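The lines below spell out each chain.
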Amino acid sequence: MATKYPNPIIHTYREINPGKYRSVKHYELKNLSGGANQLSETLNIQKDRQFAKSMPEYWLKKRIGKKWSKPVTGLFQTEIENIYFGDSDYKKNLIFVHFSENQDEVTIFYYKEFYTRDRDDLVYSVQRHIWLNHKANV
């Protein structure tokens, strides 16, 4: 019996300052589907500098007014290349992040008010969505 998962709110961001910083990239929202923006118009994604015990690969921050927020979530590698997961509001919302091959585009799958530790099926649905969108745009 298949488990029914909620539809994610999909945010697509494009890098706005390529090469400006070594360990931080800034992204601007280009497309939104499936609901209202759950993050911000601009994101900051930076490599982890190994200060946290949780050891994520990246940290995701959103823009609030003229400042960057504290990290919304750490992003942890899944078994699929370029797809990471995290959560917001203390495991209230599940987040998957897909980086394009050269990291100039980021697609975020935001599962509002849904969290599970059994992420395997969702990771593969994210991968399938990315693959179908890529195929449609070629």
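Everything quoted here is computed from the prediction, not taken from an experiment.

Procedures and definitions
- Residues numbered from 1 in each chain as written.
- Predicted model: local features only at pLDDT ≥ 70, side-chain atom pairs only at ≥ 80, totals over all residues.
- Heavy atoms only, no water.
- Helix = DSSP H or I, 4+ residues; strand = E, 2+ residues; numbered from the N terminus.
- Buried < 20%, exposed > 50% of the residue type's maximum accessible area, 1.4 Å probe, protein only.
- Contact = heavy atoms within 4.5 Å.
- Areas by Shrake-Rupley, 256 points an atom, 1.4 Å probe, with all protein chains shown as cover.
- Lys, Arg positive; Asp, Glu negative; His and termini not counted.
- Charge placed at Lys NZ, Arg CZ, Asp CG, Glu CD.
- Core = buried A, V, L, I, M, F, W, Y, C linked by side-chain atoms within 4.5 Å.

1. Considering the overall build of the protein
Right, on to step 1. Per the secondary structure count, the protein includes one helix and nine strands.
Right, on to step 2. From first element to last, N terminus to C terminus, the protein shows the α and β order β-β-β-β-β-β-β-β-β-α.
Right, on to step 3. A principal-axis box enclosing the C-alpha atoms of the protein has dimensions of 45 × 40 × 30 Å.
Right, on to step 4. Every one of the 138 residues in the protein was classed for burial, and the buried ones make up 45%.
Right, on to step 5. Of the contacts formed within the protein by residues at least 6 apart in sequence, a portion of 36% connects residues at least 24 apart.
Right, on to step 6. Working note: accessible area of the protein is about 8900 Å², and carbon and sulfur atoms make up 48% of it.
Right, on to step 7. Across the protein, the mean location of the 22 positive side-chain charges is 8 Å away from that of the 16 negative side-chain charges.

2. Comments concerning the side chain of Gln103
Right, on to step 1. Mapped onto the elements, Gln103 comes out in the loop between strand S8 (93–99) and strand S9 (105–111).
Right, on to step 2. Look at Gln103 and you get buried, because its relative accessible area is 19%.

3. Quick word on the environment of Tyr21
Right, on to step 1. Relative to the elements of secondary structure, Tyr21 occurs in the loop between strand S1 (9–15) and strand S2 (24–33).
Right, on to step 2. Distance in space between the C-alpha atoms of Tyr21 and Gln46 is 9.6 Å, their sequence separation being 25 residues.

4. Looking at the side chain of Asn44
Right, on to step 1. Here Asn44 shows up in strand S3 (residues 42–47).
Right, on to step 2. When neighbours within four sequence positions are excluded, Asn44 is seen to be in contact with Val24, Lys25, His26, Trp59, Leu60, Lys61 and Trp68.

5. As for unusual backbone geometry
Right, on to step 1. In this model, Asn82 sits at a positive phi of 70°, which is unusual for a non-glycine residue.
Right, on to step 2. By the secondary structure assignment, Asn82 is in the loop between strand S6 (73–77) and strand S7 (83–88).
Right, on to step 3. Of the residues examined, Asn82 reaches a relative accessible area of 14% and is grouped as buried.
Right, on to step 4. Residue Asp89 is not a glycine yet carries a positive backbone phi of 55°.
Right, on to step 5. Within the secondary structure layout, Asp89 lies in the loop between S7 and S8.

6. Points about the nonpolar core
Looking at soluble globular proteins, one finds that nonpolar side chains tend to be buried together.
Right, on to step 1. Counting 17 residues, the largest nonpolar core has Tyr13, Ile45, Phe99, Val106 and Ile108 as the members making the most contacts within it.
Right, on to step 2. At the level of secondary structure, the elements contributing two or more residues to this core comprise S1, S2, S3, strand S4 (58–64), S8 and S9.
Right, on to step 3. Within the second largest apolar cluster, 14 residues are counted, among which are Ile10, Ile83, Tyr111 and Val123.

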